[in-house]
Amino acid sequence: MVGDSGGAFVRTLLVDSGAKDGVTKGQAVTTSQGVIGRIVEVGDTSSRLLLITDLNSRIPVTIEPTRDRAVLAGDNSSEPRLIFLPAGARLSPGDRIVTSGHGGMFPPGLPVGTVSQVSEGEIRVVPFVDWHRLEYVRILDYDRDELRLDPLVAASE
């Protein structure tokens, strides 16, 4: 993996895997610690990874203790915000955040981070990923359509 700050995005990395390796635009990228982003550009032998902290990043998430859904929104800081929370949602520092699976890009239940700050009108999340020790990533080959049962096959079983 090679770091890079070029292009329209502020928080991106170049990954040394591309179309020749089966990488496609939109794939989720994780480490053993949790989600770090998604693929936004693919070349033959390399790809651009948009980090969850980038201003252009939006990920549907679930707050584990309450099962409330929200969107993790990057803002080019080290701690993205939670937006679009339901009215009356009650969060506390330390609440675990995982992907919700909505939108089809990320499978449900991938670890993202924990709530670090709850203040009037702003909820911040500290990602599980240690950005300073990032060396290897996993590009997920997740296709939500493959997980759906064929109604004819399911009915005949």
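Before any of the text, the structure's been laid out above.
In this report, we go over the structure that sits alongside the text.

Cut-off values and rules
Residues numbered from 1 in each chain as written. Predicted model: local features only at pLDDT ≥ 70, side-chain atom pairs only at ≥ 80, totals over all residues. Heavy atoms only, no water. Helix = DSSP H or I, 4+ residues; strand = E, 2+ residues; numbered from the N terminus. Buried < 20%, exposed > 50% of the residue type's maximum accessible area, 1.4 Å probe, protein only. Contact = heavy atoms within 4.5 Å. Core = buried A, V, L, I, M, F, W, Y, C linked by side-chain atoms within 4.5 Å. Salt bridge = Lys/Arg side-chain N within 4 Å of Asp/Glu carboxyl O.

A word on the environment of P80
Here's step 1: Of note, P80 is situated in the loop between strand 7 (69–73) and strand 8 (81–83).
Here's step 2: Assessed through its relative accessible area of 1%, P80 is described here as buried.
Here's step 3: Taking the C-alpha atoms as reference, P80 lies 8.8 Å from L55; in sequence the two are 25 residues apart.
Here's step 4: The contacts of P80, once residues within four sequence positions are left out, are I52, T53, L72, A73, G74, D75, I123, R124, V125 and P127.

Remarks on the nonpolar core
Here's step 1: Formed by 18 residues in total, the largest nonpolar core has its most connected members in V35, I59, V61, L72, L82, I97 and V112.
Here's step 2: Those elements that provide at least two residues to this core are strand 6 (58–63), strand 7, strand 10 (111–119) and strand 11 (122–127).
Here's step 3: For this core, the leading source of residues is strand 6, giving three residues.
Here's step 4: Those residues in contact with V112, other than ones at most four positions away along the chain, are V35, I52, V61, L72, I97, V98, T99, V126, P127 and F128.

A closer look at unusual backbone geometry
Here's step 1: Of note in this structure, N76 is not a glycine but carries a positive phi near 70 degrees.
Here's step 2: Within the fold, N76 resides in the loop between strand 7 and strand 8.
Here's step 3: On the accessibility criterion, N76 (23% relative accessible area) is partly exposed.
Here's step 4: In the Ramachandran plot, F84 falls in the positive-phi region, its phi being about 60 degrees despite a non-glycine side chain.
Here's step 5: Structurally, F84 is set in the loop between strand 8 and strand 9 (96–99).

Observations regarding the pattern of salt bridges
Here's step 1: Under the counting rule described, the total for this entry stands at six salt bridges.
Here's step 2: Residues D75 and R81 are paired through a salt bridge, measuring 3.8 Å at the closest nitrogen-oxygen approach.
Here's step 3: Overall, the relative accessible area of 23% leaves D75 in the partly exposed class.
Here's step 4: With a closest N to O distance of 3.3 Å, E122 and R124 form a salt bridge.
Here's step 5: Using a relative accessible area of 13% as the deciding quantity, one classes R124 as buried.
Here's step 6: What emerges from the salt-bridge pattern is a single network uniting D75, R81, E122 and R124.

Purely spatial values, then, with no claim about function.
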